[in-house]
Amino acid sequence: MPETDLDLLIRAAHEAGRIATRYSGREAQRWDKPDGAGPVTEADLAVNAMLEQMLPSARPGYGWLSEETEDSGARLDRDRVFIVDPIDGTRSFADGSRTWAHALAVAERGVVTAAVIYLPMRGLLFSAAAGGGAFLNGDPIQVSAPADLAQAHILAARPNLLPEHWIGRTPPVFQRDYRPSLAYRLALVAQGRFDGMLTLRPSWEWDIAAGDLILREAGGLCTDRFGAPLRFNNARPRLAGVIAGGNTVHGGLAAALDPASLGIASH
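For clarity, every value in this text was computed on a predicted model and none was experimentally measured.

A. Region of the structure containing the packing of helix α1 (residues 5-20) against helix α2 (residues 42-58). It is the contact of α1 with α2, at a shortest axis distance of 9 Å, that shows an interaxial angle of 160 degrees. As far as their axial angle goes, α2 and α1 are roughly antiparallel. Relative to α2, the crossing made by α1 is right-handed. Note on element contacts: α2 touches α1 through A46, V47, M50, L51, M54, L55 and A58, opposite L8, L9, R11, A12, E15, A16, I19 and A20. Among the residues forming the contact of α1 with α2, the class breakdown is 13 nonpolar, no polar and two charged.

This is how it looks when you write it as structure tokens:
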């Protein structure tokens, strides 16, 4: 039986983990990208090189979009595209933390159909295929369902909760924690460990694509900051922020956000 896209992504994620964990984050060579685009390490590049060889060779008709590969308009002519962040949370990796992830996805005509988020240092592999549910290490997961927004625990950086982003005042949500990896934040909401996730800053597709499907397959909603469904493989691969959570939390956050806010908050 031919290998499904999800099986392929899982196999690739495990290989990515084997490569990345050969490096010691603090000792890995590190560079800063131009224009304040953040750091990159030799581990990011090594993982990307493997993925760029492995995945397109297994699916030669698919396009390619990766944080660590110079973008090409050729992907726009493909119905299906790989969307990859070799290491999401590079700063965390470079600091020697365990909270970084490989985020791999396939999108078909703008909608993610297979996805994996893998944290090799924590032994966590989140996965989903369209219509098949969401899983953590093979066990089903689902979003939480707090009675109302006031009881919700939201993953968000503090600047997202500043009053200027909200109608009236910031909702009474409890910001308990923060994770540097956007993909991991989405996975934690899908798992039900947190009730919602919010980022108002424009976000790269490779940070969001895998988590979008995993969260939706776990029974949640994942949209841009204005409540519009996320579409991927755009000519400029950036999204207008993200609101994620179960129906109650997502709806409450979306209704409370001021649409006139510029969305310049930090991740």
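More follows now that the structure is in view.
B. Fine view of the sheet that holds strand β10 (residues 154-155). In space, the four strands of this open sheet follow the order β10-β11-β15-β13, with mixed pairing throughout. Two strands lie at the open edges of the sheet, namely β10 and β13 (221-223), each paired on one side alone. When β10 meets strand β11 (residues 196-199), the two strands line up parallel, connected through two bridges. Considered in β11, the bridge of I154 is made with G196. Where helix α4 (residues 182-191) meets the sheet, it contacts β10, β11, β13 and β15 (242-245), and its direction lies at approximately 150 degrees from that of β11. Along the sheet, helix α5 (residues 205-217) makes contact with β13 and β15, crossing β13 at roughly 150 degrees.

C. Looking closely at the packing of aromatic side chains. Per the stated rule, a full pass over the model turns up four aromatic pairs. With a centroid separation of 5.2 Å and 40 degrees between ring planes, the pair formed by Y62 and F82 is classed as tilted. Within this pair, whereas Y62 is found in the loop between α2 and β3 (63-66), its partner F82 is found in strand β4 (residues 80-88), the two being separated by 20 residues in sequence. Among the residues examined, Y62 registers a relative accessible area of 15% and is labelled buried. Classification of F82 as buried rests on a relative accessible area of 0%. The structure contains a cluster of three or more aromatic residues connected by ring pairs, namely Y62, W64 and F82. Directly above the aromatic system of W204 lies the positively charged group of R238, at a separation of 4.3 Å from the ring centroid.

Each value, and the rule that gives it
- Every chain is numbered on its own, with residues counted from 1 as its sequence reads.
- Given that this is a predicted model, residues contribute local features only at a pLDDT of at least 70 and side-chain atom pairs are listed and counted only at 80 or more, while totals for whole chains, interfaces and linings are drawn from all residues.
- With hydrogens and water set aside, each side-chain value is computed from the structure's full complement of heavy atoms.
- Every axis corresponds to a line fitted to the C-alpha atoms, with the helix fit spanning only the stretch in contact, and the corresponding angles, defined between N-to-C directions, vary from 0 to 180 degrees.
- To qualify as a helix, a DSSP run of H or I must reach at least 4 residues; to qualify as a strand, a run of E must reach at least 2; elements of each kind are numbered from the N terminus.
- Relative orientations are named as follows: roughly parallel for angles under 35 degrees, roughly antiparallel for angles over 145 degrees, roughly perpendicular for angles from 65 to 115 degrees, and oblique for any other angle.
- Each crossing gets its hand from how the near helix is turned against the far one by less than a right angle, where anticlockwise is left-handed and clockwise is right-handed.
- Every residue pair with non-hydrogen atoms within 4.5 Å of one another is taken to be in contact.
- Classification used: nonpolar for Ala, Val, Leu, Ile, Met, Phe, Trp, Tyr, Cys and Pro, charged for Asp, Glu, Lys and Arg, polar for all others including Gly.
- We call two strands paired when DSSP finds no fewer than two bridges between them.
- Here a pair means two rings of Phe, Tyr or Trp (six-membered ring of Trp) with centres within 6.5 Å. Their orientation is stacked below 30 degrees between planes, edge-to-face above 60, and tilted elsewhere.
- Burial classes follow relative accessibility: with a 1.4 Å probe on protein chains only, a residue under 20% of its type's maximum area counts as buried, one over 50% as exposed, and anything between as partly exposed.
- Whether a charge sits over a ring depends on NZ of Lys or CZ of Arg being within 6 Å of the ring centre and within 35 degrees of the ring normal.

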